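Structural overview for review
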Amino acid sequence: MDSQCSSSVGSRGTPGGVGNINSTRIESYEAGEKKGISDVRRTFCLFVTFDLLFVTLLWIIELNVNGGIQEQLMKEVLQYDYHKSFFDIFVLAVVRFAALILAYAVCKLRHWWAIAITTAITTGFLIVKVVVSKLLSQGAFGYLLPIISFILAWIETWLLDFKVLPQEAGDEIRYLSVQSAPDREPLLYPGGPVSEGQFYSPPESMADSDEDLDDKHNLEKPIV
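Residues numbered from 1 in each chain as written. Predicted model: local features only at pLDDT ≥ 70, side-chain atom pairs only at ≥ 80, totals over all residues. Heavy atoms only, no water.

Thoughts on the overall build of the protein chain
Helix and strand counts for the protein chain come out as eight helices and zero strands. Secondary structure elements in the protein chain, listed N-terminal to C-terminal, are α-α-α-α-α-α-α-α. Looking at the protein chain as a whole, 28% of its 224 residues qualify as buried. The contacts of the protein chain with a sequence gap of at least 6 include a subset with a gap of at least 24, amounting to 77%. For the protein chain, the computed accessible surface area is about 14,700 Å², with 66% contributed by carbon and sulfur atoms. (Helix = DSSP H or I, 4+ residues; strand = E, 2+ residues; numbered from the N terminus. Buried < 20%, exposed > 50% of the residue type's maximum accessible area, 1.4 Å probe, protein only. Contact = heavy atoms within 4.5 Å. Areas by Shrake-Rupley, 256 points an atom, 1.4 Å probe, with all protein chains shown as cover.)

What to know about unusual backbone geometry
Backbone geometry follows two general trends: most residues other than glycine have a negative phi, and most peptide bonds adopt the trans configuration. Despite not being glycine, Lys108 shows a phi value in the positive range, around 55 degrees. Inspection of the secondary structure puts Lys108 in the loop between α5 (87–106) and α6 (113–132).

Focus: the pattern of salt bridges
All told, the structure shown has seven salt bridges when counted by the stated rule. Between Lys129 and Asp88 there is a salt bridge; the shortest N-O distance is 2.6 Å. Residue Lys129 is found in helix α6, and its partner Asp88 is found in helix α5; the two are separated by 41 residues along the sequence. Of the residues examined, Lys129 reaches a relative accessible area of 1% and is grouped as buried. Notably, a salt bridge pairs Asp171 with Arg174, separated by 2.3 Å at the nearest N-O pair. Here Arg174 and Asp171 lie together in helix α7 (residues 140–188), a separation of three residues that amounts to about one turn. Here the salt bridges share partners, and the residues they tie into one network are Asp51, Arg96 and Glu156. (Salt bridge = Lys/Arg side-chain N within 4 Å of Asp/Glu carboxyl O.)

Thoughts on the packing of helix α3 (residues 39–65) against α5
Angle between the axes and distance between the axes: these two values describe a pair of packed helices. At a minimum axis separation of 9 Å, α3 and α5 run at an interaxial angle of 165 degrees. Between α3 and α5, the angle falls in the class roughly antiparallel. Classified by chirality, the crossing of α5 by α3 is left-handed. Counted together, Arg41, Phe44, Cys45, Val48, Thr49, Asp51, Leu52, Val55, Thr56 and Trp59 of α3 and Phe87, Ile89, Phe90, Ala93, Val94, Arg96, Phe97, Leu100, Ile101, Tyr104 and Ala105 of α5 form the full contact between these two elements. Its residues placed into classes, the contact of α3 with α5 shows 16 nonpolar, two polar and three charged. (Axes fitted to C-alpha atoms, helices over the stretch in contact; angles between N-to-C directions. Parallel < 35°, antiparallel > 145°, perpendicular 65-115°, else oblique. Left-handed = near helix turned anticlockwise from the far one by under 90°. Nonpolar A, V, L, I, M, F, W, Y, C, P; charged D, E, K, R; others polar.)

Side note on the environment of Gly36
Structurally, the position occupied by Gly36 is in the loop between α2 (15–34) and α3. C-alpha of Gly36 to C-alpha of Ala105: the two residues are 69 residues apart in sequence and 9.4 Å apart in space.

Observations regarding a nonpolar patch on the surface
Where nonpolar side chains cluster on the molecular surface, the patch consists of Val130, Leu136, Tyr143, Ile147, Phe150, Ile151, Trp154 and Ile155 and spans about 680 Å² of accessible area. Of the residues forming the nonpolar patch, the biggest block, six residues, is contributed by α7. Locating Ile147 in the fold gives a position in helix α7. Look at Ile147 and you get partly exposed, because its relative accessible area is 45%. (Patch = residues over 30% accessible without salt bridge, like charges linked within 9 Å, V, L, I, M, F, W, Y side chains within 5 Å.)

Side note on the packing of aromatic side chains
Within the structure shown, the criterion is met by eight aromatic pairs. Plain terms: the ring middles of Phe87 and Phe90 are 6.3 Å apart, the flat faces sit at 35 degrees to each other, and that makes the pair tilted. You can see Phe87 and its partner Phe90 sitting in helix α5, three residues apart, about one turn around the helix. On the basis of relative accessibility, which here comes to 18%, the residue Phe90 falls in the buried class. Centre to centre, the rings of Phe150 and Trp154 are 6.4 Å apart; their planes meet at 50 degrees, and the pair counts as tilted. Of this pair, Phe150 and Trp154 both sit in helix α7, four residues apart, which is roughly one turn of that helix. Overall, Phe150 belongs to the partly exposed group, its relative accessible area being 32%. (Phe/Tyr/Trp six-rings, centres within 6.5 Å; stacked < 30°, edge-to-face > 60°.)

Focus: the nonpolar core
In terms of nonpolar packing, the biggest core is built from 16 residues, with Val55, Trp59, Phe86, Ile89 and Leu145 touching the most fellow members. Trp59 has contacts with Leu73, Glu76, Val77, Phe86, Phe87, Phe90 and Leu145, leaving out every residue within four places of it along the chain. Grouped together as the second largest cluster of nonpolar side chains are 14 residues, Val40, Ala114, Ile115 and Leu160 included. (Core = buried A, V, L, I, M, F, W, Y, C linked by side-chain atoms within 4.5 Å.)

Considering the side chain of Ser133
Structurally, Ser133 is set in the loop between α6 and α7. Beyond its immediate sequence surroundings of up to four residues, Ser133 is in contact with Tyr82, His83 and Val128.

Re α3
In this model α3 runs 39 Å from its N-terminal to its C-terminal C-alpha over 27 residues, within 8% of the 39 Å that 1.5 Å per residue would give. Positive phi shows up at Gly67, right after α3, with a value of about 130 degrees. (Expected span 1.5 Å × (residues − 1).)

Rendered as structure tokens:
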């Protein structure tokens, strides 16, 4: 019975299992730190790249639809007109891409101010352009390019503010807690593995003491 109790306590109380789990978690977090950029941040950077490529593709399609790339480039770039040209929407996408990649991929910024500035500039510019310019009279692309650019900018803001920054903050807190866990383990297990000698039953006395025998004799005497 004692051997079973000691073996079960030893299997549960041995800090080796806890140490292995903690060391594995520490190694995984250290590997994440060595990568230099988290998975969720890399996903955000890929979406920013998709934003630029998608707006560029729509602009190229618009150039082809309205009479050919070379002719429309001359009209929209060299003869730029704020009221009719889509070139400024493409430039806005390039500026947004460069600012966000520089802030969150190169500088690894952990704050929302950079994307707040780019989204505010994008939103204000697109609203003014739609109200003042004559894009809505130029067919489907007059609606499509401003709306797509507006939606993508706000999706980037949501992705960073509600996914990237909170998840990275949570990962950092867990990493610090795992690092501090080995320092607390000696307090929980100061003596290492529990040995069988620490669990024993005190031996029962084989003979009663003299005082106990006298008490028994006194109790056995008849009361007169």
